[in-house]
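What follows is the residue order along each chain.
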Number of protein chains: 2
Amino acid sequence: MAAAIRSAVGRGAAVTGSLPLRTAAVVPGAMRFASSKSFFPEEPEAPTVKTAIPGPNGKKAISELDQVFDTRSVNFLSDYSKSIGNYIADPDGNMMLDVYAQIASIPVGYNNAHLAKAASSPQMVNALINRPALGNFPSSDWAEILKTGILKVAPKGLSNVFTALAGSDANELAYKAAFIYRRQLERGGPDVEFTEEELTSSMNNQAPGAAQLSILSFKTAFHGRLFGSLSTTRSKPIHKLDIPAFDWPQAAFPQLKYPLEEHVEENRKAEQASLDEVEHLIQNWHLPPAAVMVEPIQSEGGDNHASPEFFQKLRALTRKHNVLLIADEVQTGVGATGKFWAHEHWNLQDPPDMVTFSKKAQTAGYYYASHALRPNKAYRQFNTWMGDPARAMIFRAIIEEVERLDLVNHTARVGDYLFAKLEGLAKRYPEHFKNLRGKGQGTFIAFDSPKRDQFLAKAKEFGINIGGSGASAVRLRPMLTLQEHHCDILVDSMEKIVKAL
Amino acid sequence: MAAAIRSAVGRGAAVTGSLPLRTAAVVPGAMRFASSKSFFPEEPEAPTVKTAIPGPNGKKAISELDQVFDTRSVNFLSDYSKSIGNYIADPDGNMMLDVYAQIASIPVGYNNAHLAKAASSPQMVNALINRPALGNFPSSDWAEILKTGILKVAPKGLSNVFTALAGSDANELAYKAAFIYRRQLERGGPDVEFTEEELTSSMNNQAPGAAQLSILSFKTAFHGRLFGSLSTTRSKPIHKLDIPAFDWPQAAFPQLKYPLEEHVEENRKAEQASLDEVEHLIQNWHLPPAAVMVEPIQSEGGDNHASPEFFQKLRALTRKHNVLLIADEVQTGVGATGKFWAHEHWNLQDPPDMVTFSKKAQTAGYYYASHALRPNKAYRQFNTWMGDPARAMIFRAIIEEVERLDLVNHTARVGDYLFAKLEGLAKRYPEHFKNLRGKGQGTFIAFDSPKRDQFLAKAKEFGINIGGSGASAVRLRPMLTLQEHHCDILVDSMEKIVKAL
């Protein structure tokens, strides 16, 4: 349980005392920096920028790679052997503070020593060279790997897991569970046998065997790029163009106005309108939704937030209409919002029916509680590998490191520190830092910038690796090991960036 | 190139001479066994069966695992630390000859020493703990990992790779490439911009932005279980029931009669009828196919073969109509058919447009040649991880081991040996070994058994782990390290099994 981790070390407790006190005096302007013990004694004091990024070595290697692998989306090549903690190295000797972290998927720093230990263990070698078909021949230690890892942080109320390989397939497997569950209900329960017509028509991709059902998602949502998940993704045309899609419904996601305290009534109305649309679609869409899929914070779509009340009402609404609620925690999960799972911020009495995870978990899957979500027969949810024990063991080591350093509470605290500094910046440069959002959400912070793409490009010149999302958002997705002194460097650099724009 | 591997060690060359000569005399009846040097000196002489499988330890552990993980498809729990070579161990001290090999996905034996070395390397630890977003920040050694691994065995004519995580997503990514390519052609080339209507409609899952196109697959095909791949899977209702599907076309796959030499004309007609249906569907299906998807040997569907002429004509047909041809080598790839890629048996002048792989490669993706299959813009084919360098390195080590032991030619030879022995068995027990097939296809051999499920269950009593497919097939899916003396044990056990049925 995530609660166990949160209470393992009290909020505010110091990080392990054996780490040396950071001496910040080497860096010009360091006196303005908060002092904090570094989690990584070998981490540099500050970014180093020696060349354009990518530099000559990087460019040469990219063009070599491009012969065999599409590199048009490559930002720069990384030298992971030299990367450390929150800093990413490239082959030209540049060292950047990385607040993008492999699109929000590095949790506890590059070359984390505890992860390295787990990765060198005999159990890991065994998992790498004897990869099981987990549904047929799991290893005798699979239950232990799950219980000491993935399930130790299971969201409150959810005790089972179906393992997968990436966020997209985790989401699609959850959708499949929802469709199977819904059809079982419609059929009159798990013991009712399939009709001959269902068996035959399923092989022709036709009803009634192929369900005439849908997944309801929200506008500007991102749930992945495979055919089912892409049908629920509504972030950008470039993700969807030319790919066949299911005719599934979408409801508007509330577009909150900032600062929140100045738009209370307006935002409340926007949330209610969204809920009303969800209810309307549940009752009227020609392919009835088996589930509603929602991100606690829409991430790829531009960091769109909604209030806990919105999610509480969404839970009530789905319960009322007997539609499942799936929380997509692929990007929000594993601590970045200052809770282990972002949906903990909702304070639900009644948990989501399924919660999907990937990215910072370094493995993927979905949690669920009800045995009714296990299909009535074996082999309905099945594939060859059903995940990867090697990656499940990395997640276990990540969880151990999160516990050891109390990184969830740490991130809540650092997020507050960072948000306050960004508020200061936004006051001084309101034209560059619009709609600052993510207060009280750990380091899951974003703002809109009219010159967003230039901002992101310019950031590299100051040794900051940072990403965007949606149409105009700059999003912060640092690791859980981001500390106050990194925030100082980041905010200081951001000021330089906007001055240079 | 696969050709390089095949010529690296001449066909028929002895395996590495340093391995001790196998002494087979310990096993009862060993005088009938062929002598062959074992690739694994520590491999047992024969299976050991001490308990029912699963035994008491296994059953207890399964019921523990079932609290958190659906175990209804579990055959038995494995003890991978004690498994060796072609033998799989369980927690009750049983040791089975494994000719199922994690649903055809273990290539070079359990606890292969060369793989263990690769899995313990510093480069592996680095890949495990610093997992990159390969599309944005690949490591500077990614090109080298690809060129010395995945691309070293690229099918003839295909020089590029898009990496993925499992067979299902590899197939879906290939489908996406096909749809994007086809729409680009229809639009008038890669430089033609999307219309406003395409951009808008794509976000609503509607035409013209969402393509009204399809993938043509074959009846009894298996291409995976995600929403797009499942729409092309036509193996069994249990895979498809209750899951929404695209209205995509299927053509009959030729149902060849055995022995082939007695049904030449009939089989030729069946193949022509299938090709005619493909052409008809390409020309008339309401959602035109962007690609034809085909397995060289339909595997999950029951080991259905077709002749090289069939595939040559299929290639010509798809070329004629400007439809892409994708070979799904997820199960057939990596040596099991006596060629590195099964489609090498087709002797095409003009390679398939894409070839997908997974399973024995321990990583997944698709090969392609044409830069026209790279979408016109970046980020159209993209996801966070885009594969896993750790698993790509395991594939590299597998390729090295295949080269070192000349395992492709070895498997061709052992397959011939095994097939001849099974022909003998089929003559003596024709009621149990029907439609024996896979001659000249390495160890990719199957037969139909009227008591198939009992056969598979009974096999465990004799220490053989073996699988089925389709309605009544027993399929052999051993590792590439299967040797003549294992074949002797296997065939001997099969005789005992059918006698006990």
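Before any of the text, the structure's been laid out above.
Throughout what follows, the structure given in this document is the object of discussion. Predicted model only: the values in this text are computed from it and were never measured.

Calculation criteria
- Residues numbered from 1 in each chain as written.
- Chains lettered and ligands numbered in written order.
- Predicted model: local features only at pLDDT ≥ 70, side-chain atom pairs only at ≥ 80, totals over all residues.
- Heavy atoms only, no water.
- Helix = DSSP H or I, 4+ residues; strand = E, 2+ residues; numbered from the N terminus.
- Rg over C-alpha atoms; globule rule 2.2 N^0.38 Å.
- Buried < 20%, exposed > 50% of the residue type's maximum accessible area, 1.4 Å probe, protein only.
- Contact = heavy atoms within 4.5 Å.
- Lys, Arg positive; Asp, Glu negative; His and termini not counted.
- Charge placed at Lys NZ, Arg CZ, Asp CG, Glu CD.
- Phe/Tyr/Trp six-rings, centres within 6.5 Å; stacked < 30°, edge-to-face > 60°.
- Axes fitted to C-alpha atoms, helices over the stretch in contact; angles between N-to-C directions.
- Parallel < 35°, antiparallel > 145°, perpendicular 65-115°, else oblique.
- Left-handed = near helix turned anticlockwise from the far one by under 90°.
- Nonpolar A, V, L, I, M, F, W, Y, C, P; charged D, E, K, R; others polar.
- Buried area = accessible area lost by both parts, 1.4 Å probe.
- Salt bridge = Lys/Arg side-chain N within 4 Å of Asp/Glu carboxyl O.
- Polar contact = N/O pair within 3.5 Å; in protein donor to acceptor, adjacent residues only side chain to side chain.
- Least-squares fit on C-alpha atoms with pLDDT ≥ 70 in both.
- Core = buried A, V, L, I, M, F, W, Y, C linked by side-chain atoms within 4.5 Å.

## Section: the overall build of chain A
No. 1: Across its full length, chain A carries 16 helices and 14 strands.
No. 2: A compact globule built from 501 residues would reach a C-alpha radius of gyration of about 23 Å, and chain A, at 23 Å, matches this within 12%.
No. 3: Considering only C-alpha atoms, chain A reaches an extent of 75 × 55 × 50 Å along its principal axes.
No. 4: For chain A, the residues scored as buried account for 66% of the 501 residues in total.
No. 5: Residue pairs in contact within chain A that sit at least 24 positions apart in sequence constitute 72% of those at least 6 positions apart.
No. 6: Charge centroids of chain A, computed over 55 positive and 54 negative side chains, lie 2 Å from each other.

## Structural notes on the packing of aromatic side chains
No. 1: Enumeration according to the criterion identifies 55 aromatic pairs over all chains in this entry.
No. 2: Note on phenylalanine 227 of chain A and tryptophan 248 of chain B: the rings are 6.0 Å apart at their centroids and 85 degrees apart in plane angle, and the pair reads as edge-to-face. Of this pair, phenylalanine 227 of chain A sits in helix α9 (residues 227-232) while tryptophan 248 of chain B sits in the loop between α10 (237-240) and β5 (250-251), on two different chains.
No. 3: Centre to centre, the rings of phenylalanine 179 of chain B and tryptophan 248 of chain B are 5.8 Å apart; their planes meet at 50 degrees, and the pair counts as tilted. You can see phenylalanine 179 of chain B sitting in helix α7 (residues 167-187) and its partner tryptophan 248 of chain B sitting in the loop between α10 and β5, a full 69 residues away along the chain. Per residue, the accessibility class of phenylalanine 179 of chain B equals that of tryptophan 248 of chain B, and both read buried.

## Description of the packing of helix α14 (residues 407-428) of chain A against helix α16 (residues 484-500) of chain A
Residues and elements named next belong to chain A.
No. 1: Axis separation between α14 and α16 bottoms out at 10 Å; the angle between their running directions is 15 degrees. When the axis of α14 is compared with that of α16, the two are roughly parallel. Judged by the sense of rotation from one axis to the other, the crossing of α14 with α16 is right-handed. Two secondary-structure elements touch here, α14 through Val414, Tyr417, Leu418, Lys421, Leu422, Leu425 and Arg428 and α16 through Glu484, Cys487, Asp488, Leu490, Val491, Met494 and Glu495.
No. 2: Looking at side-chain class alone, the contact of α14 with α16 contains nine nonpolar, no polar and five charged residues.

## Overview of unusual backbone geometry
No. 1: Put simply, alanine 207 of chain A and proline 208 of chain A share a cis peptide bond, and its omega is 5 degrees.
No. 2: Here proline 208 of chain A is to be found in the loop between α8 (196-203) and β4 (214-218).
No. 3: Residue isoleucine 53 of chain B is joined to proline 54 of chain B through a cis peptide bond whose omega torsion reads 0 degrees.
No. 4: If you check the backbone angles, asparagine 347 of chain A has positive phi at about 55 degrees while not being a glycine.
No. 5: As for its position among the elements, asparagine 347 of chain A is in the loop between β7 (324-328) and β8 (354-357).
No. 6: By relative accessible area, asparagine 347 of chain A is classed as exposed at 55%.

## Quick look at the interface of chain A and chain B
No. 1: Tallying the contact residues gives 122 residues for chain A and 122 residues for chain B.
No. 2: Buried area between chain A and chain B, summed over both chains or domains, comes out near 10,900 Å², and the portion from carbon and sulfur atoms is 58%.
No. 3: Across the pair aspartate 388 of chain B and arginine 391 of chain A runs a salt bridge whose closest N-O atoms are separated by 2.9 Å.
No. 4: Applying the counting rule to chain A against chain B returns 71 residue pairs in polar contact (both at pLDDT 80 or more).

## So, the relation of the copies chain A and chain B
No. 1: In screw terms, the move from chain A to chain B is a rotation of 180 degrees and a rise of 0.0 Å along the axis, fitting with an RMSD of 0.0 Å. What the rotation and shift describe, once combined, is the action of a two-fold rotation axis.
No. 2: In this assembly, 100% of the residues forming the interface of chain A have copies in chain B that are likewise at the interface, indicating an isologous arrangement.

## With respect to the nonpolar core
No. 1: Ranked by size, the top nonpolar core spans 300 residues in total, and within it Tyr367 and Phe395 of chain A together with Tyr367 and Phe395 of chain B carry the most contacts.
No. 2: Setting aside residues up to four positions removed in sequence, phenylalanine 395 of chain A forms contacts with Ile150, Val153, Val334, Phe340, Phe357, Ala361, Thr363 and Tyr367 of chain A.
No. 3: Within the second largest apolar cluster, six residues are counted, among which are Leu165, Ala166 and Trp385 of chain A together with Leu165 of chain B.

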